[in-house]
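Chain residues, written in single-letter form:
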Amino acid sequence: EEEEDDDAGGGGFDGFDDAETEEEEEEAEEKDLSSDDEAKEKEKELSSAAAAAALASRRDYAPSAFQRAQDALKRQIKTLEARALEEKTWLLKGEASAKERPKNSVLEADVEFDHVAAPPPAVSEEMTARLEDIIKARIVEQRFDDVERVEPSTRDDRGRRQLTELDDTKSKKGLGDIYADDYVAQKHLAKTGARLDEEKEEPIVVEARALFAALATKLDALSNFHFAPKPIVEEMQIKTDAPALQVEEVAPLMVSEASRKAPEEVFAGGEGAGGARGSAAGDVKADAEFTKEDRKAARAKRKRKAKAVGNERERVKAKREREKEAKEKAPEPASAVPAAAPPMSEEEYETERKRVLEYFFDDKDADEAIAAISRWGGFEPRVPEFVQHLVVSGFERRTMDWDAAASLFRLLPRSAGGPAPEAGLVAGVKLVLDDLEDHKCDLPKADTHLATVLAGVVADGSVAFKEIAAAAHEAGPEGETGYLREEGGAAPVLCKILAAVADACGAPRAERVLADSGVDLAAFIGDMDKEDGVTLDAMLEKYGIGTLPAAASLHPLRLKLAEQTEVSADSSAALASWIEGEAAASARVSTEFVGEVAAWALAAVPADADASSPIAALEPSFAALRAACKGPDAGSPSKSEIGKEAREIAVLSAAQRLCASRSFPAGLLERIFRDLHAGDVLDETAMKAWRDDESSAIGLEKIAGKEKALFETMELLQEFASDDEGAEDAA
């Protein structure tokens, strides 16, 4: 039985071996067949070649015309193939340097190039003889019909248009008179067929033409079914009050009517329409020259001003009474507080988020977007996810408007009136920082865009730089805490945030942010960067913020102010010259810089200053204050969002700080405001902006006493408001 089993098992392997041998035999047969086919083809070629050679060796062999053509074609093909495969000369290799071509080979080459002008005819004996034959033939034929040059005639012919004479003298006519003359000439030409500048016809010709016109009119009346009226002659109207200068282009259209107006039309004093500063420009009439209408208008203005001041005082008084009652009144029960919106579901939240962000990036209206987000129920726990989605979706979008995203993010914190708490924003930023290294693989500028988004909230103090630094210190993928810092990605992000703050609000603001946070940037340098010898100073210089740790941007200004021991016209002029010529643009753009200059100027105001007249000690400093408020030149490479109005508000806030430190002496703040306005340091627009500014700060320094300051300057602000109302009424 065991032998039978072995035989049975062996039979199975034998079958497998048989199958393999069959496949090998088939492959061998196929190879033999293919080799046989190749051998047969070679034999055919050899036999055909031998037959052709034998045929050609025969004496009586004569190839046909087709065979001769085929042989010639084969020879040509072989020649072309050999020429294509052989080494090319330097002429056919494109641009060749002197090392790649033989010496003096260019002199022997036939170079082809295009000529701009037509080549002159080659002078030869044949050409000369041919020309002589043509000349002799034309002499014999008496044919002298060459084209002769005709000079234009300067005679005053009626059939020839007169030559235009250019006159380089200044025209004594206005543009309106020139247009009127052209109009008259066109109408005369259309009516009579003659130009005005031509000679006048004789009176008998004019009379004959008039008689013929009358006859033609009568004949028209007799020969038509309806009477044909006389031709209508349009009456010409010339406006004498035409512009003195009118340059007509597609854009712009410049018109000046100054030379056509009387002085009282150019300057309308008393209502602010003719002066650069409204009522400060003065009146062109004395009191004795006032007419009845002028007195009535002045009396109405005084009544309107007194009414506005009274209304403002009543409003402030009522507001204080309401605040006093609110403090004395017991707090309202919790039931009186309006209920919050019900939390949204995940689907509702996704839909609303997509809709609001799409609308925002279309119209860039951040206030409307924040208002819509504030109405979302249950948004506070979703703040981290919202921040992550806003930034990461921008990384993926590639065409993201990061400035618009920064404006939206700047309004999100609750300290800025938004719906998001600071902790939620920081948590969202950490979610982005956790995967920042992966994002940088797809978008190398991801950390730069993130810094752009965070710069606004850091500059405003809405989100502490210390909290963002802590998030960067711990950021990393899941289970790898501190990965971003170890790989050297945390320090560049923090440096770029500070650089963005310096670009937007000036270097002093970035220095203040870093100093208040207490963050040591050296602790964020990566391990590999430390091994390579990267220092903090080198990294700060790389991102253009080398002065931040030393807070040195305002140091030159403070040294310059220390040199000016007293406020005088000379010291103010010297300070203004230094500001415009030597002060760094990154410092001049900031409100902190203006605050330092304003503090130096206002320190000269005596404690017992008379508020009823201009402060003489303040006037010499106006030149320095104007230079500080002006800011850097327009051509300087600054990305600052702080304009001249913000710097003027800083001057007003410095005056508020001075008066608050002196317990607001009666009338002093209003007197300072009036003097600054009269000295062209600032205008009424800046005062209105200061009134509406709720931050009441110079940079990150909060200024106390805003409500008291508004009360002290109430009459001045209402005066500017009444001037605006008078200008609107006059318009």
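The shown structure was predicted, so the numbers you read here are calculated from the model rather than taken from an experiment. (Residues numbered from 1 in each chain as written. Predicted model: local features only at pLDDT ≥ 70, side-chain atom pairs only at ≥ 80, totals over all residues. Heavy atoms only, no water.)

**Student:** How would you summarise the overall build of the protein chain if you had to cite specific residues and measurements?
**Tutor:** Looking only at helices and strands, the protein chain has 31 helices and 4 strands in total. Evaluated residue by residue, the protein chain yields a buried proportion of 29% over its 731 residues. Taking all contacts inside the protein chain whose residues are at least 6 apart in sequence as the whole, residues at least 24 apart take part in 68%. Here the protein chain has roughly 49,500 Å² of accessible surface; of this, 53% comes from carbon and sulfur atoms. (Helix = DSSP H or I, 4+ residues; strand = E, 2+ residues; numbered from the N terminus. Buried < 20%, exposed > 50% of the residue type's maximum accessible area, 1.4 Å probe, protein only. Contact = heavy atoms within 4.5 Å. Areas by Shrake-Rupley, 256 points an atom, 1.4 Å probe, with all protein chains shown as cover.)

**Student:** Any details on the packing of aromatic side chains? Residues and values, ideally.
**Tutor:** Each aromatic ring pair is specified by the distance between its two centres and by the angle formed by the two planes. According to the stated counting rule, one finds 6 aromatic pairs in the structure shown. Pairing Phe 379 with Phe 386 gives two aromatic rings, centres 5.5 Å apart and planes at 80°, and the pair type is edge-to-face. Across the pair, Phe 386 and Phe 379 agree in class, each one buried. Where Phe 673 meets Trp 690, the ring centres are 5.1 Å apart and the plane angle is 85°; that geometry is what we call edge-to-face. With a gap of 17 residues between them, Phe 673 in helix α28 (residues 668-678) and Trp 690 in helix α29 (residues 684-692) connect regions that are remote in the sequence. Considered together, Phe 673 and Trp 690 belong to a single accessibility category, that of buried residues. Aromatic rings pair up to connect Tyr 349, Trp 376, Phe 379 and Phe 386 into one cluster. One cation-aromatic arrangement involves Arg 101 over Trp 90; the distance from NZ or CZ to the ring centre is 5.8 Å. Across the ring face of Tyr 349, the terminal group of Arg 382 is positioned such that the distance to the ring centre comes to 4.7 Å. (Phe/Tyr/Trp six-rings, centres within 6.5 Å; stacked < 30°, edge-to-face > 60°. Lys NZ or Arg CZ within 6 Å of the ring centre and 35° of its normal.)

**Student:** Could you give an account of a positive patch on the surface, with specific residues and numbers?
**Tutor:** Among the surface-exposed residues, Lys 292, Lys 296, Arg 299, Arg 302 and Lys 303 lie close enough to one another that they form a single positively charged patch. Positionally, Arg 302 belongs in helix α8 (residues 292-328). Relative accessible area serves as the criterion here: at 54%, Arg 302 is assigned to the exposed category. (Patch = residues over 30% accessible without salt bridge, like charges linked within 9 Å, V, L, I, M, F, W, Y side chains within 5 Å. Salt bridge = Lys/Arg side-chain N within 4 Å of Asp/Glu carboxyl O. Lys, Arg positive; Asp, Glu negative; His and termini not counted. Charge placed at Lys NZ, Arg CZ, Asp CG, Glu CD.)

**Student:** Quick one: what's the story with unusual backbone geometry, residue by residue and with numbers?
**Tutor:** The backbone phi angle of Asn 104 is positive, close to 60°, even though this residue is not glycine. Counting through the fold element by element, Asn 104 comes out in the loop between α2 (65-85) and α3 (105-108). Phi is positive for Gln 142, which is not a glycine, with a value near 55°. Mapped onto the elements, Gln 142 comes out in the loop between α4 (125-140) and α5 (175-192).

**Student:** So, the confidence of the model for the protein chain: which residues are in play, and what are the values?
**Tutor:** For the protein chain, the mean per-residue pLDDT works out to 77, and 76% of the residues sit at or above 70. The low-confidence segment residues 244-255 (pLDDT under 50) makes 15 contacts with residues lying over four places distant or belonging to another chain. Across residues 269-282, where pLDDT falls below 50, the model places 24 contacts with residues more than four positions away in sequence or in other chains. (pLDDT = per-residue confidence, 0-100.)

**Student:** Can you lay out the environment of Val 458 for me, pointing to particular residues and giving the numbers?
**Tutor:** For Val 458, the position within the fold is in helix α15 (residues 446-460). Given the relative accessible area of 2%, Val 458 is considered buried. Once the C-alpha coordinates of Val 458 and Val 501 are considered, the two residues, 43 residues apart in sequence, prove to be 7.4 Å apart.

**Student:** Explain the nonpolar core to me, and be specific about the residues and the numbers.
**Tutor:** Counting 77 residues, the largest nonpolar core has Phe 409, Leu 433 and Phe 465 as its most contacted members. Broken down by element, the residue count for this core peaks at 13 residues, all from helix α18 (residues 490-505). When sequence neighbours within four positions are dropped, the list of residues in contact with Leu 433 reads Leu 450, Ala 471, Ala 472, Ala 475, Leu 484 and Val 493. Ala 583, Trp 600, Ala 627 and Phe 720 belong to the second largest nonpolar core, which has 52 residues in total. (Core = buried A, V, L, I, M, F, W, Y, C linked by side-chain atoms within 4.5 Å.)

**Student:** Could you give me a rundown of the side chain of Ser 621, with the residues and numbers involved?
**Tutor:** Considering the arrangement of structural elements, one finds Ser 621 in the loop between α25 (591-602) and α26 (622-630). Classification of Ser 621 as buried rests on a relative accessible area of 0%. Excluding anything up to four places from it in sequence, Ser 621 contacts Val 567, Ser 572, Trp 600 and Ala 601.

**Student:** With reference to specific residues and values, describe α25.
**Tutor:** Counted at 1.5 Å a residue, the expected span for α25 with its 12 residues is 16 Å, and the 16 Å between its end C-alpha atoms agrees. Of all 12 residues that make up α25, 10 are buried, and the element is covered over most of its length. The opening residue of α25 is Ser 590, an N-cap whose side-chain oxygen sits 3.2 Å from the backbone nitrogen of Phe 593. (Expected span 1.5 Å × (residues − 1). Polar contact = N/O pair within 3.5 Å; in protein donor to acceptor, adjacent residues only side chain to side chain.)

**Student:** Hey, could you go over the pattern of salt bridges for me, with residue numbers and the actual values?
**Tutor:** According to the stated counting rule, one finds 21 salt bridges in the structure shown. Arg 382 serves as the salt-bridge partner of Glu 346, at 3.4 Å between the closest nitrogen and oxygen. Linking Glu 346 in helix α9 (residues 346-363) with Arg 382 in the loop between α10 (366-374) and α11 (383-397), this pair joins segments that are 36 residues apart in sequence. Its salt-bridge partner being Glu 385, residue Arg 353 comes within 2.4 Å of it at the nearest N-O pair. Linking Arg 353 in helix α9 with Glu 385 in helix α11, this pair joins segments that are 32 residues apart in sequence. A relative accessible area of 7% means that Arg 353 is categorised as buried. Residue Glu 385 is classed as partly exposed on the basis of its relative accessible area of 31%. One network of salt bridges, in which partners are shared, links Glu 350, Arg 353 and Glu 385.

**Student:** Help me get a handle on a nonpolar patch on the surface, residues and values and all.
**Tutor:** Taken together, the side chains of Phe 212, Leu 215, Leu 219 and Leu 222 make up a nonpolar region of the molecular surface, amounting to roughly 470 Å² of accessible area. Since its relative accessible area comes to 46%, Leu 219 is described here as partly exposed.

**Student:** Which residues make up α10, and what values go with them?
**Tutor:** Listing the buried residues of α10 in full gives Ala 366, Ala 369, Ile 370, Ala 372 and Ile 373. One side of α10 carries all its buried residues, which in axial view fall inside an arc of 160°. In the core, the buried residues of α10 are packed alongside α9, α11 and α12 (402-410). A distance of 3.4 Å separates the backbone nitrogen of Asp 367 from a side-chain oxygen at the start of α10, and that oxygen is part of Asp 365. (Arc of directions from axis to C-beta.)

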